[in-house]
Amino acid sequence: MNSTVFSENMKKFRLAKKYTQEEVAEKLCVITQTVSRWECGTTLPDVLLLPEIAKLYGVMVDDLFKKQSVAYENYAQRLSAVYEVSNDPEDFLRCRLEYQKLMRSGELSVRDKWDYAWLHKAMMYYCMAEALKWFDEVLSDKSDKNSLPYRRAASMKMEMLFSMGDGKKYLEEQQCKVDGAGKEVDEREWLLLIEAYEHDKQFEKALSVFNEATKKYPDNWEMYFLAGIIYMDLEKYDEAIGSFEKAEKLGTYFCDGKYEIANCCKKLERFREAYQIYLEIADIHRKNGYEVEAEQALGYAREIEDKI
C-alpha cells in the first residue's frame, strides 16, 4: 500500500468534496484524529474500511492509491464511468443499484438524473445488439423453420428493426421475397409480410395481403391473429374479435386470441365479457399446470372488477 499517495488522496478528495475532517470522521464512525493521521501518512485505515472511504469520496478502492485519481460527486457516478469503459452488464447493474439508493434517499442531482438516463440508453443499445445477434443465431438454424423459437425470432427481429428505423428496408426485402418466390412462397413469408405492413402502419395493405395469403393457407391461425391486430389498429373491434375467434378455433399457442378478445371487449366497455374471458383463460392455464400464468389472468380480471 503506497501510504504517501494514499495520504495525499485522502486530503485531496476531502477538500474536493468540501468536507471537514470532523465530517469525514462522523460519516466513517472514527475519531477526527484518525482522519488527520491518515492524511498525514502516519497511519493507514483498516482494509475493511477502504470500500466505505471510497464510496464517501465517489471513487473506487483502487483510486485511493492512484496519483491521477479525482473525486466524483458520488460513488454512482464513478461506477457509471467504469461501465462506460467496460460495457459490462454487471457494471451496469452495480451502477443502477447505487443510483437507486440515491433515489430512495432523495439525493439525486440533475447530473445524476442525466447520468442515469445515459446509463440506460447505453445499456439499451447493448441489449438491442445482443438481441439481434441471438435472433440471427436462431434464424441461422433452418433445421426446423416451423418451430416456435424460429417463428418468434423472425417476428421479433422484424419488430426491432422497425423500432430502430430500418423497417422500410425490411418491408421492401420481404415483399421481394414473396414476389420472387411466386407460387412456391412459404406461408411463413406471407406472415412476415402481413406483419411488416402492420408495423409500417399500412393497415389496408396488410389486410389485402392477409386476404391473398388466406386463399392459399386458410387454416393458419397466425394469419387470423395478425388480422385481428390490424383491425384493432383500425379500432374495428368487432371485426378484430371475429378474427381472434377464428384464430382460437384453429388453435393458438397460449390463449393468444382469448387475451386479445378480452382487450377488445375492454375497448368496447364490455367489461363483464372481458372478466369472464380472463376467468376462462385462468381455468385453462390451471388445468394445464400453469399456475403462474393462471394467477396473471386472474390479476387482469381483478383489475376490471369495479367496472362490471
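Just so we're clear, the structure is a prediction, and the values are computed from it rather than from any experiment.

## Some details on the side chain of Ser 155
Working step 1: With respect to the secondary-structure elements, Ser 155 resides in helix α8 (residues 148-163).
Working step 2: According to the relative accessible area criterion, Ser 155 is buried, its value standing at 14%.

## Considering the environment of Lys 17
Working step 1: Here Lys 17 lies in the loop between α1 (3-16) and α2 (21-28).
Working step 2: By relative accessible area, Lys 17 is classed as buried at 17%.
Working step 3: Sequence separation of Lys 17 and Leu 56 is 39 residues, and the distance between their C-alpha atoms is 9.1 Å.
Working step 4: When neighbours within four sequence positions are excluded, Lys 17 is seen to be in contact with Leu 56, Tyr 57, Ala 71, Tyr 72, Glu 73 and Asn 74.

## Re a nonpolar patch on the surface
Working step 1: Together, Leu 148, Tyr 253, Phe 254 and Tyr 290 make up an exposed nonpolar region whose accessible area comes to about 330 Å².
Working step 2: Inspection of the secondary structure assignment puts Leu 148 in helix α8.
Working step 3: Take Leu 148: its relative accessible area is 34%, and that puts it in the partly exposed class.

## With respect to the nonpolar core
Working step 1: Ranked by internal contacts, the top residues of the largest apolar core, which has 61 residues, are Ile 194 and Phe 244.
Working step 2: Counting residues per element, this core draws most heavily on helix α12 (residues 221-233), which supplies 10 residues.
Working step 3: Apart from residues lying up to four places away in sequence, Phe 244 is in contact with Phe 225, Gly 228, Ile 229, Met 232, Gly 257, Glu 260, Ile 261 and Cys 264.
Working step 4: Within the second largest apolar cluster, 16 residues are counted, among which are Phe 13, Val 24, Ala 54 and Leu 56.

## What to know about helix α10 (residues 187-199)
Working step 1: Compared with an ideal rise of 1.5 Å per residue, which puts 13 residues at 18 Å, α10 spans 19 Å between its outermost C-alpha atoms and is within 8% of the ideal.
Working step 2: In terms of burial, α10 is a largely internal element, 11 of the 13 residues being buried.
Working step 3: Taken together, the buried residues of α10 touch α8, α9 (167-181), α11 (203-216) and α12.
Working step 4: The positive-phi residue at the C-terminal boundary of α10 is Lys 201, with phi of around 65°.

The rules behind the values
Residues numbered from 1 in each chain as written. Predicted model: local features only at pLDDT ≥ 70, side-chain atom pairs only at ≥ 80, totals over all residues. Heavy atoms only, no water. Helix = DSSP H or I, 4+ residues; strand = E, 2+ residues; numbered from the N terminus. Buried < 20%, exposed > 50% of the residue type's maximum accessible area, 1.4 Å probe, protein only. Contact = heavy atoms within 4.5 Å. Patch = residues over 30% accessible without salt bridge, like charges linked within 9 Å, V, L, I, M, F, W, Y side chains within 5 Å. Areas by Shrake-Rupley, 256 points an atom, 1.4 Å probe, with all protein chains shown as cover. Salt bridge = Lys/Arg side-chain N within 4 Å of Asp/Glu carboxyl O. Core = buried A, V, L, I, M, F, W, Y, C linked by side-chain atoms within 4.5 Å. Expected span 1.5 Å × (residues − 1).

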